[in-house]
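Topology and contacts: notes
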Amino acid sequence: MTLTVLMNAGPWLSVPPPGYGGIENVVATLVPELRRLGVRVVLASVESSTLPVDERISVFPDGQFHALQRPYNEVCGVAQAHLHGVVRALHGRDDIDLVHDHVEAAGLATLAAMGPDAPPALHTLHWDLAKHPELYGNLDGGDRVRVNGVSAAQLARAPRALQEHSVGHVHLSTPLAVGADRRPPVAKGEHVVILGRINPGKGQDLGARLARQVGFPLVLAGPVGPYHRPEDLAAAGDEARQNPDVRFFYDHVAPHVDGDLVRWVGTVAGQERDDLVAGARASLFPLRWEEPGGTAVVESLALGTPVVATARGCLPELVEHGRTGLLTGDEEELGELVLAAGLLEEDECRREAAARFTPELMAQRYVELYERVRELAAPS
Ligand code: UDP
């Protein structure tokens, strides 16, 4: 029997995402592999998504990413409008075997509220949830609604109600891991890279300060709030400071950005991103939050670049200290570890990625979880 899965990627960005995009990247990586395994995928996303699927449901014409800057209740309003549209589109259909939902908060509650006729649902947790138990207060879908984490560390910190509904964790993956062990090595430059949203949790302020103290060239790549290019941020003027990540950038990161030793290049995508990471002597993750999944971490390994990071969240699950990276509990030590990272073998990083972080492995694991969720939902 063919399994039909409604994949809910949410209203924020098209799939695949134009540049930065966490959840949308995961969906864009997972769906082609699921289809290769024979799963029929109905994608609930925005109309501008181009990912090939079997069928699509769209509520908004294009990504509502800009709405994430608005007050929290308005953000939830957009998520709920999307979900209600999806639920309406599903009304009266009985061909959906399972909903795989990726939309925080509103998604799960709405699915739970669909009642006993709704298909069973698996909700993938993408964030560090210890700080947001209120998002998941309503799990009254009972046996029909299950969750999975993107790391064991994330689930261990999740509110109890989520742990009770958990069917396990699935690590993130990257298409770059496919054949990574067979790719020839790339010439390394002197620079170190931090790839990710500019945000206090990602710790670019710490990385930039250490780069100047210890003396290594550092490239910061990623958006500052909704601004992808330095010139867009500059043109936005003072109003941009309403965004907390913009304030963080101006107050704590920009003072270290001298355009020479420490540079912010904005969002990088495609080949430019891969070349930047593959050519780096290390990828630095000076994390101050408990990183839940770390796509950029597995991408770095796949590109043959060792990871230097604070040992937070999923990092110890993804990186083996002394082999594929260097981890520490003492953030002040990161600068010295960056200098030592050159001793690690890039082949080890690429081998690890090819063995553990391919999209095929991730899709196989999700198919197992889909079966488990359906079993648990079946009347006994
Ligand atoms: N990313 C990108 N360009 C950038 C910065 C980030 O393409 O300039 C991508 C990065 O390669 C990764 C994703 O955005 O695929 C970030 O996912 P991750 O899980 O590392 O962090 P999140 O932002 O979801 O917490």
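Scroll up for the structure.
Keep in mind it's a predicted model, so treat the numbers as computed, not measured.

Okay, the packing of aromatic side chains next. We describe a pair of aromatic rings using the distance from one ring centre to the other and the angle between the two ring planes. A complete count under the given rule lists 4 aromatic pairs for this structure. Between phenylalanine 249 and tryptophan 264, the aromatic rings sit 5.0 Å apart at their centres with planes inclined by 55°, giving tilted as the arrangement. Of the two residues, phenylalanine 249 sits in helix α8 (residues 244-253) while tryptophan 264 sits in strand β10 (residues 262-266), which places them 15 residues apart along the sequence.

A separate point is the site of the ligand. The environment of the ligand is formed by 18 residues, the closest being Tyr20, Arg197, Lys202, Val268 and Glu299. Contact between the ligand and alanine 296: an oxygen atom at 3.0 Å from a main-chain N or O atom of the residue. A distance of 2.6 Å separates an oxygen atom of the ligand from a polar side-chain atom of glutamate 299. Against a free-state accessible area of 540 Å², the protein chains account for coverage of 95% of the ligand. Contributions of two or more residues to the shell around the ligand are made by α1 (22-36) and α10 (295-302). When residues in the shell around the ligand are grouped by element, the largest group, 3 residues, is from α10. Its residues assigned to classes, the shell around the ligand comprises 6 nonpolar, 8 polar and 4 charged. Both domain 1 (4-173 + 358-377) and domain 2 (176-356) contribute no fewer than three residues apiece to the shell around the ligand.

A few words now on the packing of α10 against helix α13 (residues 346-356). Helix-helix packing is described using two parameters, namely the angle between the two axes and the distance between the axes. It is at 7 Å that the axes of α10 and α13 come closest, and there the two elements cross at 120°. Taken together, the axis directions place α10 and α13 in an arrangement best described as oblique. Listed contacts from α13 to Val298, Leu301 and Ala302 of α10 are Cys349, Arg350 and Ala353. A class-by-class count of the residues in the contact of α10 with α13 yields 5 nonpolar, no polar and 1 charged.

Every second residue of strand β9 (residues 218-221) is oriented toward a common face, with Leu218 and Leu220 on one face and Val219 and Ala221 on the other, all of them buried. The pairing of strand β8 (residues 192-195) with β9 spans 4 bridges and is parallel. Paired with leucine 195 across the strands is alanine 221, a residue of β9. One crossover worth recording links β8 to the parallel β9 by way of helix α6 (residues 204-215), and it is right-handed. Where β9 meets β10, 4 bridges bridge the pair, whose relative direction is parallel. Looking at β10, one finds that alanine 221 is bridged to glycine 266.

Each value, and the rule that gives it
Residues numbered from 1 in each chain as written. Predicted model: local features only at pLDDT ≥ 70, side-chain atom pairs only at ≥ 80, totals over all residues. Heavy atoms only, no water. Phe/Tyr/Trp six-rings, centres within 6.5 Å; stacked < 30°, edge-to-face > 60°. Helix = DSSP H or I, 4+ residues; strand = E, 2+ residues; numbered from the N terminus. Near = heavy atom within 4 Å. Polar contact = N/O pair within 3.5 Å; in protein donor to acceptor, adjacent residues only side chain to side chain. Areas by Shrake-Rupley, 256 points an atom, 1.4 Å probe, with all protein chains shown as cover. Nonpolar A, V, L, I, M, F, W, Y, C, P; charged D, E, K, R; others polar. Domains from an automatic or database assignment. Axes fitted to C-alpha atoms, helices over the stretch in contact; angles between N-to-C directions. Parallel < 35°, antiparallel > 145°, perpendicular 65-115°, else oblique. Contact = heavy atoms within 4.5 Å. Buried < 20%, exposed > 50% of the residue type's maximum accessible area, 1.4 Å probe, protein only. Pairing = 2+ DSSP bridges. Right-handed = clockwise from strand over helix to strand, strands pointing away.

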